[in-house]
Amino acid sequence: MSGTPYILSIDHLLTDEERLVWSAARDFCERRVAPVIEKHYEHATFPRELIAEFAEMGFLGAPLHGYGCAGMNPVAYGLTMIELERQDSGIRSFCSVQSALAMYPIHAFGTEEQRERWLPGMARGELIGAFGLTEPNSGSDPGSMRTHARQLAPGGDYVLSGQKFWITNSPIADVMIVWAKTLDFGSDTPVIRGFLVERGMPGLLTPETHGKLSLRASITGEIVLDEVKVPKHNLLPGVSGLKGPLSCLTQARYGIGWGAVGAAMGVYERARRYTLERVQFGKPLAGFQLTQQKLVELHNEIGKALLLAFHFGRLKQDGKLSPVQVSYLKRDNVRMALEAARTARSMFGGNGIMGEFHVMRHLCNLETVYTYEGTHEIHTLAIGRAITGLDAFS
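The following refers to the structure shown. (Residues numbered from 1 in each chain as written. Predicted model: local features only at pLDDT ≥ 70, side-chain atom pairs only at ≥ 80, totals over all residues. Heavy atoms only, no water.)

**A short note on the nonpolar core**
Core analysis: the biggest nonpolar cluster contains 102 residues, and Phe54, Phe94, Trp179 and Trp258 have the highest contact counts within it. Among the elements that line this core, the one with the most residues is helix 6 (residues 243-277), at 15 residues. Formed by 18 residues, the second largest nonpolar core is a distinct cluster that contains Val197, Ile223, Leu225 and Leu235. (Core = buried A, V, L, I, M, F, W, Y, C linked by side-chain atoms within 4.5 Å. Buried < 20%, exposed > 50% of the residue type's maximum accessible area, 1.4 Å probe, protein only. Helix = DSSP H or I, 4+ residues; strand = E, 2+ residues; numbered from the N terminus.)

Have a look at this one:
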């Protein structure tokens with residue numbers, strides 16, 4: 001798992017290939033991401049120079065097959081998410097969005113022409129994708145979106161208008177998967193469809209969002225559509241309704257459930273090392289009962305979260321993982337990681353707020369991860385509905 005001892009390990013449950021992927025991802029992230037991430041976080045910049053290297057490692061489109069993608073199994077993919085987020089949630093977010101929210105819908109719902117056009121370049125990191133669902137007034141209730149598409153003629157092109165908000169990668173994206181309500185000719189009922197909106201289309205703006213105090217090493221922006229003409233061949237034909245965007249979010253949440261374990265490992269391992277080295281009242285902080293209690297709680301919660309991720313990973317590998325199980329994974333593991341970061345921060349005393357110790361950065365990032373891709377509360381209600389049969393969303 002790492003150089004830090006863990007009583008509970010999943011190494012013996014992994015295949016040789018999975019162990020190799022995990023080791024390679026850890027080595028890469030420690031060599032290439034760790035030395036630069038604090039600087040990028042402080043300056044609110046994204047390390048674009050690493051995109052080509054992410055691609056070489058197979059991180060972009062990792063769980064997809066064909067088109068230059070690595071075709072990792074769900075557990076191997078999850079292990080890469082651990083290592084990316086062990087360094088920073090924003091780095092994992094970039095790879096997650098590219099893979100699960102931009103490449104996945106093209107792979108799952110696109111035409112062969114769309115796949116051939118976009119996926120190889122996205123796998124190489126030459127083309128960047130974004131996912132446009134959330135709006136200023138439509139977050140947890142995506143069905144209330146106002147972005148709409150008007151078809152100019154039966155079987156013809158579309159014109160899109162609306163605004164998407166909190167969109168990872170949009171300021172640098174070459175293609176954006178935009179979900180919009182449209183009326184098919186001959187129908188009075190609007191249906192949600194996905195469109196490939198390309199950089200350079202007249203009427204498209206992607207301003208960057210500034211002033212974030214979390215996920216500062218991730219590029220966030222908007223997608224503003226002012227009568228953007230989108231060719232009919234840019235419609236994703238393989239899905240309609242909320243099933244489209246929600247299935248993409250399920251893929252992303254699965255990766256988050258693994259990634260959060262990495263963030264927790266990062267803060268736990270730093271807290272353990274710090275308390276072993278820092279001497280107060282004549283002995284290391286780790287020698288005090290209250291410190292050991294905190295370390296034990298962090299250590300044990302990480303072990304349980306890792307087992308949960310592994311279990312659900314094998315279910316996904318067998319095609320048996322349900323969306324509510326993904327809600328379970330995302331909800332519980334992110335909550336665990338956020339509490340771990342808060343506890344670890346307290347163990348550093350005043351040093352805990354300093355960037356050089358890398359704990360406050362994880363804490364701030366995890367406050368966002370707790371909310372995005374389905375808030376903690378929404379996932380709670382999804383699980384509640386599953387175990388009671390009663391819908392408490394309204």
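**Here we look at the environment of Val326**
Relative to the elements of secondary structure, Val326 occurs in helix 8 (residues 323-347). Taking the C-alpha atoms as reference points, Val326 and Ala108, separated by 218 residues in sequence, lie 19 Å from one another. The residues contacting Val326, other than those within four sequence positions of it, are Thr250, Arg253, Tyr254 and Leu321. (Contact = heavy atoms within 4.5 Å.)

**Regarding the packing of aromatic side chains**
Aromatic ring pairs are reported here in terms of the distance separating the ring centres and the angle at which the planes meet. Taken as a whole and judged by the stated rule, the model has 16 aromatic pairs. On the basis of an interplanar angle of 40 degrees and a centroid distance of 6.3 Å, the ring pair of Phe54 and Phe59 is categorised as tilted. In this pair, the class of Phe54 matches that of Phe59, namely buried. Ring geometry for Phe165 against Trp166: centres 5.1 Å apart, planes inclined by 55 degrees, an arrangement best described as tilted. Note on Trp166: relative accessible area 52%, which makes it exposed. (Phe/Tyr/Trp six-rings, centres within 6.5 Å; stacked < 30°, edge-to-face > 60°.)

**A closer look at the packing of helix 6 against helix 8**
Following both chains from N to C, one finds helix 6 and helix 8 inclined at 20 degrees, their axes separated by 8 Å at the closest point. With respect to their mutual orientation, helix 6 and helix 8 come out roughly parallel. When you trace helix 6 past helix 8, the crossing you get is left-handed. Where helix 6 approaches helix 8, its residues Thr250, Arg253, Tyr254, Ile256, Gly257, Ala260, Val261, Ala264, Val267, Ala271, Tyr274 and Thr275 are matched on the opposing element by Pro323, Val326, Leu329, Lys330, Asn333, Val334, Met336, Ala337, Ala340, Ala341, Ala344 and Met347. Looking at side-chain class alone, the contact of helix 6 with helix 8 contains 18 nonpolar, four polar and two charged residues. (Axes fitted to C-alpha atoms, helices over the stretch in contact; angles between N-to-C directions. Parallel < 35°, antiparallel > 145°, perpendicular 65-115°, else oblique. Left-handed = near helix turned anticlockwise from the far one by under 90°. Nonpolar A, V, L, I, M, F, W, Y, C, P; charged D, E, K, R; others polar.)

**Structural notes on the environment of Asp16**
With respect to the helices, strands and loops of the structure, Asp16 is situated in helix 1 (residues 16-43). Within the structure, the side chain of Asp16 is placed 2.5 Å from the side chain of Arg19, a separation counted as a polar contact. (Polar contact = N/O pair within 3.5 Å; in protein donor to acceptor, adjacent residues only side chain to side chain.)

**Structural notes on the layout of surface pockets**
Computed from the structure, the largest pocket encloses a volume of approximately 1300 Å³. Along its surface, the largest pocket is lined by 45 residues, and Leu249, Arg253, Tyr372, Glu373 and Gly374 are the ones closest to its centre. Breaking the lining of the largest pocket down by element, the ones donating at least two residues are helix 4 (89-109), strand 3 (158-168), helix 6, helix 8 and helix 10 (376-388). Broken down by element, the lining of the largest pocket gets its largest block of residues, six residues, from helix 6. Of the residues assigned to the lining of the largest pocket, the class counts are 22 nonpolar, 16 polar and seven charged. In this structure, the second largest pocket spans a volume of roughly 260 Å³. As for the second largest pocket, its lining consists of 14 residues, of which Pro63, Leu64, Tyr104, Gln251 and Lys316 are closest to the centre. Those elements giving two or more residues to the lining of the second largest pocket turn out to be helix 3 (74-87), helix 4 and helix 6. Ranked by residue count, the leading element in the lining of the second largest pocket is helix 4, at five residues. (1 Å grid on protein atoms, 1.4 Å probe; cavity = no way out; pocket = protein on both sides within 12 Å on 5 of 7 lines; lining within 4 Å. Points joined across faces, edges and corners; volume = space filled by probe spheres on them.)

**Looking at the pattern of salt bridges**
Where charged atoms from two side chains of opposite charge come close, those side chains can pair. Taken as a whole, this structure holds 20 salt bridges when the rule is applied. For Arg314, the salt bridge is made with Glu18, and the minimal N-O distance between the two is 2.8 Å. Residue Arg314 is located in helix 7 (residues 289-317), and its partner Glu18 is located in helix 1; the two are separated by 296 residues in the primary sequence. The exposure class assigned to Glu18 is buried, which follows from its relative accessible area of 1%. In this structure, Arg361 and Glu38 form a salt bridge, with 2.9 Å as the shortest nitrogen-oxygen distance. Within this pair, whereas Arg361 is found in helix 9 (residues 360-369), its partner Glu38 is found in helix 1, the two being separated by 323 residues in sequence. Judged by its relative accessible area of 4%, Arg361 falls in the buried class. The class of Glu38 is buried, set by a relative accessible area of 17%. If you follow the salt bridges from partner to partner, you end up with Arg26, Glu83, Arg86 and Glu269 in one network. (Salt bridge = Lys/Arg side-chain N within 4 Å of Asp/Glu carboxyl O.)

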